[in-house]
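Residue strings, one per chain:
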Amino acid sequence: MTAFDEHGKAGKDPGQWKSRLVAARPVLITLALVLAALFATGALSLFQALGAYAVVLAVVLVGRGSTVATREVLLSPERNRTRTSDPLVDAVVAGLPDPVIVLDRNSRVVAFNAKASAIAPALNRGEPASLALRVPEVVEAIRTASASGKPRHVEFSERVPVERWFDVHIIPVDIAGDVRTAQASLMLITFHDLTPLRRVEEMRADFVANASHELRTPLAALSGFIDTLQGPARDDVAARERFMGIMKEQASRMARLIDDLLSLSRIELNAHVRPQAPVDLVAVVRQVADALQVMAADRHVTIAIQASVDRLIVPGDRDELTRVFENLIENALKYGAAGKRVDITLDRRESADGRDEAVIVVRDYGQGIAVEHLPRLTERFYRIDVGQSRAEGGTGLGLALVKHIINRHRGRLTLESTLGSGAAFTVRLHI
């Protein structure tokens, strides 16, 4: 076996590799603990952690003496003095996916990566971590970990500049192997961003609350009418007929809401899988428009379709795309009836990235939508006029379904509207 000396030249002493491993032991132990912490928090998979460790181990074995420098720097006799970070330590810390800070036993900063600097811009080597980490829970956990030599875990949140949540792990490391003292030589601080998880939890809670409220309203109406029919209106034929009609309407509303909720859940479950079946959008739009002709006639609205091509084939799911245009055209009939006309155009154009795309525009000429409502129209249960929406039989989930279906098809939905001039919804799908 050929060995390499510390200057990268071939040698005959394999024992040099062993000496390098011994010299680099503090760095390897530190790296192992950091990777273990990231694996425990779910930031890295087992294979990613093992791969990162293998790469650094290879650097140690073939490097030009960086591990010796690491030992000389990190294991200096003056253990109370703030250490200057080694390039290998900096490289390891910089490559980690989460914010990481390395402190000495006096809680002074030894090393940190760019992600940690983004969280605490005031971080500086050699300065106390408390100057940059102005979070009492974290500072107290660092003090406790340093004194006890035991790992600590704490969560904290910040409100400025935006609301964020972090999970912090503080791991003391006695890299000198001195078991006679409980105080550690170094401390590793890792920050795991919990913000996406917390926001999903908040969205889920809001969704459940809104869905419960939407279901409670028709249920309360049904319960009230049943009580009336069993009591004062027991023998009132006219009241019974009127109440039965209202009860049927409320039951239908609940059925639509449940159907929309189930559809939304199915779409979200498969959001990562793009449908690939060929779908002719011209045929889909004409089919939907024909099905809605009765509603259009009741509202005295004309539906006009103008297609520049006979067929417009896109990869997709026919049922889901049918749902998209049902919602868009139905909304145009409900809220744009004052304009007495709904125009639908289908065209084939070139997108900004040079690919062909199908462009479908559904335009009404009603009262339009105020600009402050436009960014929120595709939110679940968001309504401009709650009373009008419920009177029209809306569930508040129609445009949310449209957005999620188009996202699953890797398309785009845009909306243009001004008060008094109607609204135009544009769907763009790659061909």
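Residues numbered from 1 in each chain as written. Predicted model: local features only at pLDDT ≥ 70, side-chain atom pairs only at ≥ 80, totals over all residues. Heavy atoms only, no water.

Chemist: Would you explain the packing of helix α10 (residues 281-291) against helix α12 (residues 318-335) in this entry?
Modeler: When two helices pack together, their arrangement is captured by the angle between the axes and the distance separating the axes. Across the interface, α10 lies against α12 with an axial gap of 9 Å and an inter-helix angle of 50 degrees. Considering the angle they form, α10 stands oblique to α12. Where α10 crosses over α12, the two elements pack in a sense that is right-handed. Judged by residue contacts, Leu281, Ala283, Val284, Val285, Gln287 and Val288 of α10 engage Arg318, Leu321, Thr322, Phe325, Glu326 and Ile329 from α12. (Axes fitted to C-alpha atoms, helices over the stretch in contact; angles between N-to-C directions. Helix = DSSP H or I, 4+ residues; strand = E, 2+ residues; numbered from the N terminus. Parallel < 35°, antiparallel > 145°, perpendicular 65-115°, else oblique. Left-handed = near helix turned anticlockwise from the far one by under 90°. Contact = heavy atoms within 4.5 Å.)

Chemist: Can you walk me through the environment of Ile369 in this structure?
Modeler: Residue position: Ile369 is located in the loop between β12 (356-364) and α13 (386-391). Counting along the chain gives 49 residues from Ile369 to Thr418, while the straight-line C-alpha distance between them is 5.8 Å. In this view, Ile369 contacts Leu374, Leu377, Ile384, Leu415, Ser417, Thr418, Leu419 and Ala423; residues no more than four positions away in its chain are not counted.

Chemist: Honestly, the pattern of salt bridges in this entry has me stumped. Any pointers?
Modeler: Any two side chains of opposite charge can pair, on the condition that their charged atoms come close. Evaluation of the coordinates by the stated rule reveals 14 salt bridges. One salt bridge connects Asp343 with Arg341, and the closest N-O pair in it is separated by 3.1 Å. For Asp343, a relative accessible area of 18% corresponds to the buried category. (Salt bridge = Lys/Arg side-chain N within 4 Å of Asp/Glu carboxyl O. Buried < 20%, exposed > 50% of the residue type's maximum accessible area, 1.4 Å probe, protein only.)

Chemist: Sorry if this is basic, but what is going on with the confidence of the model for the protein chain here?
Modeler: Should the pLDDT be low somewhere, the predicted coordinates at that spot are not to be read in detail. For the protein chain, per-residue confidence averages 79 on the pLDDT scale, and 77% of positions sit at 70 or higher. Note that residues 1-12 has pLDDT below 50 and, in this model, 24 contacts with residues that lie over four places away or in other chains. The model gives residues 177-184 a pLDDT under 50, and that stretch makes 14 contacts with residues more than four places away or in other chains. (pLDDT = per-residue confidence, 0-100.)

Chemist: How should the pairing of strand β11 (residues 341-350) be read in this particular structure?
Modeler: Consecutive side chains of a regular strand alternate in pointing toward one face of the sheet and then the other. Both strand β9 (residues 302-307) and β11 contribute to a ladder of 6 bridges, which runs parallel. If you follow Thr302 over to β11, its bridge partner there is Arg341. By the bridge criterion, 9 bridges tie β11 to β12 in an arrangement that is antiparallel. Bridged to Asp347 within β12 is Val359. The loop that links β11 with its antiparallel partner β12 comprises 5 residues; one of these, Gly354, has a positive phi angle of about 85 degrees. (Pairing = 2+ DSSP bridges.)

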